[in-house]
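Descriptive structure summary
The primary structure of each chain is shown beneath.
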Amino acid sequence: MFVRIVKMGFDETHIDTFLADFEENKEHIRTFKGCRLLELYRDKNQTNIFFTYSYWESESDLENYRQSDLFKGIWKKTKALFNMKPEAWSVDKLESLK
């Protein structure tokens, strides 16, 4: 399992726009070929900071998503709302305890 973590910071005036856009697109992202899980988190103390965690079957599945019209459209709208440079990590999931 391959996990993509993205940290994004928004101006307070753009948070509702981001959340509405995420709501509109989350099912499209989640059902993209190879995506197994999509989660959105919000920082407890800095409420303008959000994280997405997406689980992918392979790096090529994520790359196919990143080259898709779906991603390009979402990213174009989202990056206009940032108040800081986004950060992203690609990690391999080693364990999960329930």
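Everything discussed here concerns the structure shown above.
Model, not experiment: these values are computed from the prediction.

1. Overview of the packing of aromatic side chains
Geometry of an aromatic ring pair is reported as the spacing of the ring centres plus the angle between the planes. A full pass over the atoms with the stated rule returns eleven aromatic pairs. Ring geometry for phenylalanine 18 and phenylalanine 22: centres 6.3 Å apart, planes at 45°, overall tilted. Of this pair, phenylalanine 18 and phenylalanine 22 are both found in helix α1 (residues 15-30), four residues apart, which corresponds to roughly one turn of the helix. We classify phenylalanine 18 as buried; its relative accessible area is 5%. Pairing phenylalanine 71 with tryptophan 75 gives two aromatic rings, centres 5.7 Å apart and planes at 15°, and the pair type is stacked. With phenylalanine 71 and tryptophan 75 both in helix α3 (residues 69-79) and four residues apart, this pair spans about one turn of that helix.

2. Observations regarding helix α2 (residues 59-66)
Given 3.6 residues per helical turn, the α-helix brings residues three or four places apart onto the same face. Along α2, the positions that sit buried rather than exposed are Asp61, Leu62 and Tyr65. One face of α2 carries all of its buried residues, which in axial projection span an arc of 100°. Of the surrounding secondary structure, the elements contacted by the buried residues of α2 are β1 (2-9), α1, β3 (49-56) and α3.

3. Some thoughts on the nonpolar core
Judged by nonpolar contacts, Phe2, Phe22, Ile29, Cys35, Leu38, Trp56, Leu62, Tyr65, Phe71 and Ile74 together constitute the single largest core of ten residues. Counting only elements with at least two residues in this core, the list comes to α1, β2 (35-42), α2 and α3. Setting aside its immediate chain neighbours within four residues, isoleucine 74 contacts Asn25, Ile29 and Tyr65. Counting eight residues, the second largest nonpolar core, distinct from the first, contains Met8, Phe18, Phe50 and Leu81.

4. Remarks on the pattern of salt bridges
Going through the model one piece at a time under the given rule, you end up with six salt bridges. In this structure, lysine 33 and aspartate 61 form a salt bridge, with 3.7 Å as the shortest nitrogen-oxygen distance. Residue lysine 33 is found in the loop between α1 and β2, and its partner aspartate 61 is found in helix α2; the two are separated by 28 residues along the sequence. The exposure class of lysine 33 is exposed, given its relative accessible area of 65%. Two residues, arginine 36 and glutamate 57, come together in a salt bridge whose shortest N-O distance is 2.0 Å. With a gap of 21 residues between them, arginine 36 in strand β2 and glutamate 57 in the loop between β3 and α2 connect regions that are remote in the sequence. Owing to a relative accessible area of 47%, glutamate 57 belongs among the partly exposed residues under this scheme.

5. Structural notes on the pairing of β3
With six of eight residues buried, β3 lies mostly within the body of the structure. One ladder, built from eight bridges, connects β1 with β3; its direction is antiparallel. Looking at the pairing, valine 6 lines up with threonine 52 of β3. Relative to β3, β2 runs antiparallel, the two being bridged by seven bridges. When the sheet's bridge partners are listed, tyrosine 41 is paired in β3 with phenylalanine 51.

What counts, and at which threshold
- Within every chain, residues take consecutive numbers counted from 1 along the sequence as written.
- Local features in this predicted model are restricted to residues of pLDDT 70 or higher, and side-chain atom pairs are both shown and tallied only at a pLDDT of 80 or more, whereas totals for entire chains, interfaces and linings draw on every residue.
- Hydrogen atoms and water are omitted, and side-chain values are computed over all heavy atoms in the structure.
- Only Phe, Tyr and Trp rings are paired, with Trp represented by its six-membered ring, and only when their centres lie within 6.5 Å; those with planes under 30 degrees apart are stacked, over 60 edge-to-face, the remainder tilted.
- Numbering of helices and strands runs from the N terminus, with a helix taken as a DSSP run of H or I at least four residues long and a strand as a DSSP run of E at least two residues long.
- Any residue under 20% of the maximum accessible area for its type is buried, any over 50% is exposed, and the rest in between are partly exposed; the area is computed with a 1.4 Å probe on protein chains only.
- Working definition: the arc comes from the directions between the helix axis and the C-beta atoms, pointing outward to the latter.
- Note on contacts: a residue pair is in contact if any heavy atoms of the two residues lie within 4.5 Å.
- We define the nonpolar core as a collection of buried residues of types Ala, Val, Leu, Ile, Met, Phe, Trp, Tyr and Cys that are connected through side-chain atoms lying within 4.5 Å of one another.
- Every case where a carboxyl oxygen of Asp or Glu lies within 4 Å of a side-chain nitrogen of Lys or Arg is listed as a salt bridge.
- When DSSP finds two or more bridges between a pair of strands, those strands are recorded as paired.

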